[in-house]
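Below, each chain spelled out in residue letters.
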Amino acid sequence: MRDKDVRIGVYICHCGTNIAGIVDVEEVARYASSIPGVVVARHYTFMCSETGQNMIKDDIKNLKLNGVVVAACSPALHEVTFKNAVKEAGLNPYLFEMVNIREHCSWTHTDRRLATEKAKDLVRMAIAKVKELEPLEEVKAEVVNSVLVVGSGVAGLSAALTLARAGLTVYIIDKRPVLGGFVTRLVNIAPIGIRGREFVKPMIDELVEMPNVKVLTNAEVISVEGGVGNFKVRIRQRPTYISDLCTLCGYCEKACPIEVPNEYEGKLTMRKAIYLPFKEAYPPKYVIDENACTKCGKCIDACPVKAIDLSVKERYIDLNVGAIIIAVGHEPYEPDKGEFGYGLTRRVITSLQLERLLDEEGPTGGRFIIDGKVPKTIVFISCVGSLIGNKTTNACSRRCCSTITYDTLKILSKNPDSHIYILYRDIRTYGFEEELYWKALENGVVFVKFEEPPKVEVMGDKIMVYVREATINKNIVIPADLVVLFVGMTPSNAGEIVRIFKLSRTADGFIREAHLKLRPAETPTEGIFLAGAAAGPKGVMESVIHGAAAASKALALLLNKKYILREPLVAKVDEELCSGCLICVGMCPFNAISVKYVGERRVATVNPLLCMGCGTCAAACPSGAMEHNGFKDKQILAQVRAFAGVVV
Amino acid sequence: MEGAKLGEVAVVGGGIAGIQAALDLADTEFKVYLIERSPSIGGRMAQLDKTFPTLDCASCILTPKMAEVLRKDNIELLTLAEVVDVIKNGNKFKLTIKQRPRYVDTNKCTGCGTCVEKCTARGKLGAPDEFNEGLSTRTAVYIPFPQAVPKKAVIDPNICLRLRYKRGCGICEKVCPANAINFNDTERILNLTVDAVIVATGYKFIDPRLPELSIYGYGKYPEVYTNIEFERILDARGPTGGALIKKDGSHPERIVFIQCVGSRHYKINPYCSAYCCMASIKQAILAKEHEPKVDVTILYMDIRAYGKGFQDFYNRAENEYGIRFIKGRTAGITEDPSKKKLIVKYEDVMRGTIETMETDMVVLALGIVPNIPSFLNRLGVVRNGRVITRPGDPISTYVDGIFVIGATLNPTDIPDAVLQGSAAAARVTEHVLRRKTPFEVMRS
Amino acid sequence: MSKHIEVRPEIYTKIRDFMKKLGADDFIKCFNCGTCTVACPIAEVLGIVPFSRKIIRYIMLGLEEDLVNSKEILLCLHCGECSEYCPKGANPAETMHALKTYIIQNYLLKR
Ligand SMILES: Cc1cc2nc3c(=O)[nH]c(=O)nc-3n(C[C@H](O)[C@H](O)[C@H](O)COP(=O)(O)OP(=O)(O)OC[C@H]3O[C@@H](n4cnc5c(N)ncnc54)[C@H](O)[C@@H]3O)c2cc1C
Ligand code: SF4
Ligand code: SF4
């Protein structure tokens, strides 16, 4: 028991008729006032109103209360309101306990007498707990005014730009050798019609010019410690081998004997082991593909400015940042060999390869030809890897329908005689983009709805696509010159990311947000935010918005802030009792517990800034040394005893 | 710099998009004026029962955000207020705001509801309850809905007996324990100067009484509902107390949802309203949860389950809840008065048959259009009923400092409205800070 | 897989060009909703369903045989109901009308 002289005030809210309609609030108040330690018990129509709050404040001052119980709605709604009121009256806000007699009582029960009894039980338990509560102080933590953005696709670029423009220090890293992410492989962004590389170029140009921005390519996060406001991040940067002296002359490329398929051209063409990903690439220098390079050294001899050094080793960089934005994007689905004829002929391609074929700067110079011929009959198969195919995410990839219709228009503008068939499950051109669908129709594109996925067979120079047209129930076959598999978005190394950052994934494999609807740019871990297709399929514009939204969260946290206050409801070790078994260390999902020595003795210690208050350690501790502020054994047991009727 | 304000921002419209923008801005230390036309913030989301695709209760997730708006010192909430004009003046915007009288002193009113209980203008003398889409009536003095923010009474001058006849009644004034009623309240014109304006005025419904839509019999057959009306019927706070019943009090055996009403139509709206496929699936599931025996059919053209978790939700509706999805569109609804049934005739496109279905209720998935305040037109950022924004940045208009979000911009669901709200807050920060930096550098 | 009918893009183009000359090529706008089917007063009576929607599909896919053998085209009374209801402005009635001419000219007269 905290104090012989406990002076508790109890306040029962009617919530209009929400509570009072079922619970006899007067009776509950009368009952509360009969409990030892309670000096005042009142009931009022709306405790959360100004008048209600003043009631509490006045009592704290006049009656010298040292504990407060409010029985009202859900703490999710008004705990903060009452805590603030208590604090304003000069009482430690952690000497307050809220009881939910609305959701847990009046809204769930219909029997007035029983509901009232339950409310009394709950109030009695809270009073018992308040008697055991201890004043706590919020933990004040200094913040580092910098942000790490992981991934440099549009979402990452958008977030980084916003943060940098607002004046924060920004580190932006990408595991690839160039910035820009997936859009650099798109010819045209539907529906705005801007070339992907041109879209990101001004963003990158502005970003790299800013003094408060640091760019790291070929770099990945390998570990994260610390917590909101102060993360310690270790980054591994694989060597680029080529220094900034590179003048893009290209002699090295000519000298290099190794050829591999060029992923920046949808693997439609070959590139050397030393190569320039594309002409607008940033950083503007050649890169070496480590997996392909044999270190023969021919490039070193060819380089006129001595920019190449093959002996460079990977390096590790440690950063200290206040927040992290995860924008690792997505990967396009790669069909298996033989899946819808893919890999059996050059004339079954993915949507990604189509992008390259349509690009003026692509392998065909923008002429829409395959194997030297203009394909006349073209079949698009949608949802590959999303809803149909060997491996699916079982989720809609959201952007494909608009992109397909957009691409068909592009093809028709180049080759107006093409016959285009789109095989689909549902056409999902949501919002204003429905107009793209209408345009495609008006340009003679034929839409074929299927229920069972189509079958593809290669027959000489024709590709036969068999499908049951579900809306006339007829089996048809389309002899095509080109088949385009519209591949879905799959999560990009999300497994790795969730492991390193201790996050989780949704059923579709993408990273889970804090709340699907109301906190879509946050993760459950404070200070770690989420942007772009890493959280699920998203278009370019939607990723720009998602990036800015994540940046907004980081700005709110860090801009002009020196420190943050954190709730003290965290775990705490009683060092006297701790036997040093360290079971808790392994259990903590947030890496908040570490080892410390008290003299010779090994004990656990909790970093209050990292602790998320889940209570796992307290439950696991075999010696009862680990306790949870606000949920200590004695506090909980007091409640349990009170429930059983043992009033202490 | 803690406490110092970075600048002042007006957020017009207090739906979920506007609320999110206001909260983010307040957290970033901006002074925010949240300007809402109706007596409470919350927008359409406040009227929803549950939300797809996770079926969270809408008020359970929205009310804490609304309460947060009240708690933030940085946010000044103006309700019953409409922006009449916005004039760009250098780097600033001058706003003229018209605030209608509430006739209730918000400083005194505790939201106890005593006045509402006693108000004489009720029933026939009352008015259609906006919150319940006119499916019930409300009194002249009323609190819009239980979770309203601010939770203060408001008097509707059109039906208040005292305000209409300038004398008599006045019961509310007598019973109010807080002395909050003020019949002498008047309209106010407010002027504000701000650094940026975020427009989040939401959407309007297509009128189901349009001649092109008369085939659905809305307004003619009492059991043909719009989806927002149906949402109110499902809601425990709604006109039926959450009971899924027809107007005659009986339980429906069958409900048919009709998709794309007023959307994807060449004479009305060529575009897709984006939210309604999922909203109907949600409502179908909720109907099943209310009345497991009810038979539910959704007549659709394409199911646009495009967002995160949507496909899964759709599959669950079909496989777990046994909701019937039929690709097809009706050419009209008729009534069999003898059986008191509505008759929906449609082609089952996947089977190639003409079918007739008898049903007790029909729910129309109504199309929506952006609700664009006239000042945006005058600022020249509207074309053909749509807000024009920059190609690389869908929320920034061509007038620097004016941002448009949520359903004002394009048909959208809650997650996207929330993201745009936060993104707009970020844009404002950029806009204000970037503009200041060069000056500061020059001075030093 | 012989039971699969081969689509004939050239037939589609041919019909489209023909219809265009008659100003009846709105059918390409059809998004296959089936409203016209239920709007048609004779489709149900005659038990031949679906009506114009199916015919438009046949044109789009160039299913010549199916077109020539469709009784619907000859039975259509051109009452115009379907066009009245079509949400897409695809003018199915006009399509049926023009198609009748096409079928008669190109196939039936030649038989
Ligand atoms: C039946 C139905 C069910 C739905 N179910 C879901 C669901 O389950 N999940 C989901 O994600 N989405 C759902 N939606 C969609 C959801 O309602 C919208 O996505 C969301 O409400 C958009 O928010 P908003 O803030 O943009 O607009 P709104 O909610 O419309 O808010 C706009 C606000 O601005 C105010 N305002 C308007 N004009 C002015 C002015 N001139 N000056 C000042 N203020 C003004 C309005 O009063 C309103 O408060 C549903 C919609 C309907 C119709
Ligand atoms: S979301 Fe669905 S119901 Fe709504 S307009 Fe689009 S396709 Fe029609
Ligand atoms: S009503 Fe119009 S759009 Fe719908 S199937 Fe018939 S012709 Fe096509």
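Coordinates for the structure precede this section.
Below is a summary of the structure that appears in this document. In this text, all values refer to a predicted model and were calculated from it rather than measured experimentally. (Residues numbered from 1 in each chain as written. Chains lettered and ligands numbered in written order. Predicted model: local features only at pLDDT ≥ 70, side-chain atom pairs only at ≥ 80, totals over all residues. Heavy atoms only, no water.)

## Notes on the overall build of chain A
Helix and strand counts for chain A come out as 17 helices and 32 strands. Of the contacts formed within chain A by residues at least 6 apart in sequence, a portion of 69% connects residues at least 24 apart. Just so you have it, chain A exposes about 25000 Å², and 52% of that area is on carbon and sulfur atoms. The distance from the centre of the 80 positive side-chain charges to the centre of the 74 negative ones in chain A is 1 Å. (Helix = DSSP H or I, 4+ residues; strand = E, 2+ residues; numbered from the N terminus. Contact = heavy atoms within 4.5 Å. Areas by Shrake-Rupley, 256 points an atom, 1.4 Å probe, with all protein chains shown as cover. Lys, Arg positive; Asp, Glu negative; His and termini not counted. Charge placed at Lys NZ, Arg CZ, Asp CG, Glu CD.)

## Looking at the overall build of chain C
Along the backbone of chain C there are eight helices and one strand. The linear arrangement of helices and strands in chain C, starting from the amino end, is β-α-α-α-α-α-α-α-α. The C-alpha atoms of chain C give 13 Å as radius of gyration, which agrees with the globular expectation for 111 residues (13 Å, within 12%). For chain C, the C-alpha atoms occupy an extent of roughly 35 × 30 × 25 Å along the three principal directions. Within chain C, the fraction of its 111 residues that count as buried is 59%. Long-range contacts, defined as pairs at least 24 residues apart, comprise 67% of the intrachain contacts of chain C with a sequence gap of at least 6. Accessible surface computed for chain C: about 4800 Å², of which carbon and sulfur atoms make up 52%. Where the 15 positive side-chain charges of chain C centre and where its 13 negative ones centre are 3 Å apart. (Rg over C-alpha atoms; globule rule 2.2 N^0.38 Å. Buried < 20%, exposed > 50% of the residue type's maximum accessible area, 1.4 Å probe, protein only.)

## Topic: the site of ligand 2
All names here are of chain B. Taken together, Q259, C260, S263, R264, C272, S273, A274, C276, C277, D302 and R304 make up the full set of residues adjacent to ligand 2. When contributions to the shell around ligand 2 are tallied by element, the ones reaching two or more residues are β16 (254–261) and α7 (276–290). Within the shell around ligand 2, the residues separate by chemical class into five nonpolar, three polar and three charged. (Near = heavy atom within 4 Å. Nonpolar A, V, L, I, M, F, W, Y, C, P; charged D, E, K, R; others polar.)

## Here's the deal with helix α8 (residues 310–319) of chain B
Residues and elements named next belong to chain B. Those residues of α8 lying buried are F310, Q311, F313, Y314 and A317. The arc that holds every buried residue of α8, seen down its axis, measures 160°, which confines them to one face. In this structure, the buried side of α8 is in contact with α7, β17 (295–300) and β18 (324–327). (Arc of directions from axis to C-beta.)

## Brief notes about a nonpolar patch on the surface
There is a patch of nonpolar side chains on the surface, built from F631, I636, L637 and V640 of chain A and spanning about 330 Å² of accessible area. For L637 of chain A, a relative accessible area of 42% gives the class partly exposed. (Patch = residues over 30% accessible without salt bridge, like charges linked within 9 Å, V, L, I, M, F, W, Y side chains within 5 Å. Salt bridge = Lys/Arg side-chain N within 4 Å of Asp/Glu carboxyl O.)

## Remarks on the sheet that holds strand β9 (residues 219–227) of chain A
Residue and element names in this part refer to chain A. Spatially, three strands are ordered β9-β10-β15 in an open sheet, and the strand pairing comes out antiparallel. Strand pairing shows two members of the sheet lacking a second neighbour, β9 and β15 (315–321), which therefore form its edges. Strand-to-strand twist in this sheet, taken as the mean axis angle between neighbours without regard to direction, amounts to 20°. In terms of strand pairing, β9 meets strand β10 (residues 230–237) through eight bridges, oriented antiparallel. Bridging across to β10, A219 finds its partner in Q237. (Pairing = 2+ DSSP bridges. Axes fitted to C-alpha atoms, helices over the stretch in contact; angles between N-to-C directions.)

## Points about the interface of chain A and chain C
Between chain A and chain C, the contact holds 26 residues from the first and 25 residues from the second. A buried area of about 2200 Å², summed over both sides, lies between chain A and chain C, and 64% of it is on carbon and sulfur atoms. Contact with chain C buries area across many residues of chain A, yet L441, I472 and N475 of chain A alone supply 22% of it, more than any other trio. Applying the counting rule to chain A against chain C returns two salt bridges. Ionic pairing is found between D66 of chain C and K474 of chain A, a salt bridge with its closest N-O pair at 3.0 Å. Viewed at the interface, chain C and chain A are joined by nine residue pairs in polar contact (both at pLDDT 80 or more). Where the side of chain A that touches chain C is concerned, the elements lending two or more residues are β20 (419–424), α12 (434–442), β21 (446–449), β22 (455–459), β23 (462–469) and β24 (474–480) of chain A. (Buried area = accessible area lost by both parts, 1.4 Å probe. Polar contact = N/O pair within 3.5 Å; in protein donor to acceptor, adjacent residues only side chain to side chain.)

## Re the interface of chain A and chain B
Facing the 71 residues of chain A at the interface are 74 residues of chain B. Area buried by chain A at its contact with chain B is led by F432, K517 and L518 of chain A, which between them contribute 14% of it. The interface formed by chain A and chain B includes nine salt bridges. With its nearest N and O atoms 2.6 Å apart, the salt bridge here joins R304 of chain B to E434 of chain A. Scanning the region where chain A abuts chain B turns up 29 residue pairs in polar contact (both at pLDDT 80 or more). Put simply, the parts of the chain that give the side of chain A that touches chain B at least two residues each are α3 (75–88), α6 (154–165), α7 (196–209), α12 and α14 (540–558) of chain A. If one sorts the elements of the side of chain A that touches chain B by residue count, α14 of chain A sits on top with 10 residues. Looking at the side of chain A that touches chain B residue by residue, the class counts come to 36 nonpolar, 18 polar and 17 charged.

## So, the sheet that holds strand β21 (residues 353–359) of chain B
Residue and element names in this part refer to chain B. An order of β19-β20-β21 is seen for the three strands of this open sheet, with the pairing classed as antiparallel. The two strands at the open ends of the sheet, each matched to only one other strand, are β19 (330–336) and β21. With strand direction ignored, the average angle separating the axes of adjacent strands in the sheet is 25°. In the sheet, β19 pairs with strand β20 (residues 341–348) via six bridges, with the strands oriented antiparallel. Looking at β20, one finds that D336 is bridged to K341.

## Observations concerning the nonpolar core
Among the nonpolar cores identified, the biggest contains 199 residues, and L95 and L376 of chain B are the most heavily contacted of them. Counting residues per element, this core draws most heavily on α14 of chain A, which supplies 12 residues. The residues contacting L376 of chain B, other than those within four sequence positions of it, are V199, V381, V382, V387, I402 and V404 of chain B. Within the second largest apolar cluster, 63 residues are counted, among which are F18, A39, F51 and I55 of chain C. (Core = buried A, V, L, I, M, F, W, Y, C linked by side-chain atoms within 4.5 Å.)

## Brief notes about the pattern of salt bridges
Any two side chains of opposite charge can pair, given that their charged atoms come close. Enumeration according to the criterion identifies 88 salt bridges over all chains in this entry. Of the charged contacts in the structure, one is a salt bridge between E469 of chain A and R57 of chain C, with a shortest N-O distance of 3.4 Å. Note that E469 of chain A is positioned in strand β23 and R57 of chain C in helix α4 (residues 52–61), a pairing that runs across two chains. Like E469 of chain A, the residue R57 of chain C is buried in the burial classification. A salt bridge links D360 of chain B to K341 of chain B; the nearest nitrogen and oxygen atoms lie 2.9 Å apart. With a gap of 19 residues between them, D360 of chain B in the loop between β21 and β22 (361–366) and K341 of chain B in strand β20 connect regions that are remote in the sequence.

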